[in-house]
Amino acid sequence: QVQLVESGGGLVQPGGSLRLSCAASGSGFCIYHMGWYRQAPGKQRVLVALISVAGATNYADSVKGRFIISRDNAKTTVYLQMNTLKPEDTAVYYCHAEHLFSSNEYWGQGTQVTVSS
């Protein structure tokens, strides 16, 4: 059982940066694949970035070169550094965890990111 709490969202101007954090509670963080998803108004939730238990990363084409996902297993926290933000990045961003073996998955409540002038 894992609880996920996102933080760091807010209002930022185009071209700006934000860093999202997802703090995980519960045991076994190091054997969960972690990811960030986002959902814009009127659209489906989509994968933004993921980081595996081994530290391998993958990104949606729309954010490659701009976003960086990382994890700190000692702090049981995953981060999403978002640079050169665009209005189309506006969405609720959700943290996601998937257990390596059981495929049990967990979601955070989300944090709002708004990119606007």
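Since the model is a prediction, treat every value here as computed from it, not as a measurement. (Residues numbered from 1 in each chain as written. Predicted model: local features only at pLDDT ≥ 70, side-chain atom pairs only at ≥ 80, totals over all residues. Heavy atoms only, no water.)

Trainee: I keep staring at the sheet that holds strand 8 (residues 77-82) and nothing clicks. Help me out?
Mentor: Through backbone hydrogen bonds, the strands of a sheet pair up, either in parallel or in antiparallel fashion. Ordered in space as 1-3-8-7, the 4 strands form an open sheet in which the pairing is antiparallel. Looking along the sheet, the strands with just one partner apiece sit at the ends: strand 1 (3-7) and strand 7 (67-72). Each strand of the sheet is rotated relative to its neighbour by a mean of 15°, with strand direction disregarded. In the sheet, strand 3 (residues 18-25) pairs with strand 8 via 6 bridges, with the strands oriented antiparallel. In the sheet register, A23 faces strand 8, and the bridge partner there is T77. (Pairing = 2+ DSSP bridges. Helix = DSSP H or I, 4+ residues; strand = E, 2+ residues; numbered from the N terminus. Axes fitted to C-alpha atoms, helices over the stretch in contact; angles between N-to-C directions.)

Trainee: What should I look at first to understand the side chain of S52 in this one?
Mentor: Relative to the assigned elements, S52 resides in the loop between strand 5 (46-51) and strand 6 (57-59). Those residues in contact with S52, other than ones at most four positions away along the chain, are H33 and R71. (Contact = heavy atoms within 4.5 Å.)

Trainee: Looking at this structure, I do not really get the pattern of salt bridges. What am I missing?
Mentor: If charged atoms from side chains of opposite charge come close, those side chains can pair. Evaluated as defined, the whole model comprises 3 salt bridges. Salt-bridge contacts for K64 lead to D61; the nearest nitrogen and oxygen are separated by 3.1 Å. (Salt bridge = Lys/Arg side-chain N within 4 Å of Asp/Glu carboxyl O.)

Trainee: How should the environment of V63 be read in this particular structure?
Mentor: By the secondary structure assignment, V63 is in the loop between strand 6 and strand 7. Its relative accessible area of 0% is what places V63 among the buried residues. V63 sits 19 residues away from Q44 along the chain, and the two C-alpha atoms are 17 Å apart. Beyond its immediate stretch of four places on either side in the chain, V63 contacts R38 and V48. (Buried < 20%, exposed > 50% of the residue type's maximum accessible area, 1.4 Å probe, protein only.)

Trainee: I keep staring at the packing of aromatic side chains and nothing clicks. Help me out?
Mentor: Describing an aromatic ring pair means giving the distance of the ring centres and the angle of the ring planes. Applying the stated rule across the entire model yields 2 aromatic pairs. On the numbers, 4.9 Å between centres and 65° between planes, the contact of Y37 with W107 is edge-to-face. Taken together, the residues span a long stretch of sequence, with Y37 in strand 4 (residues 32-39) and W107 in strand 10 (residues 105-107) at a distance of 70 residues. A cation over an aromatic ring shows up here: R45 above the ring of W107, its NZ or CZ 4.8 Å from the ring centre. One Lys or Arg, R71, reaches over the ring of F29 and ends 4.7 Å from the middle of that ring. (Phe/Tyr/Trp six-rings, centres within 6.5 Å; stacked < 30°, edge-to-face > 60°. Lys NZ or Arg CZ within 6 Å of the ring centre and 35° of its normal.)

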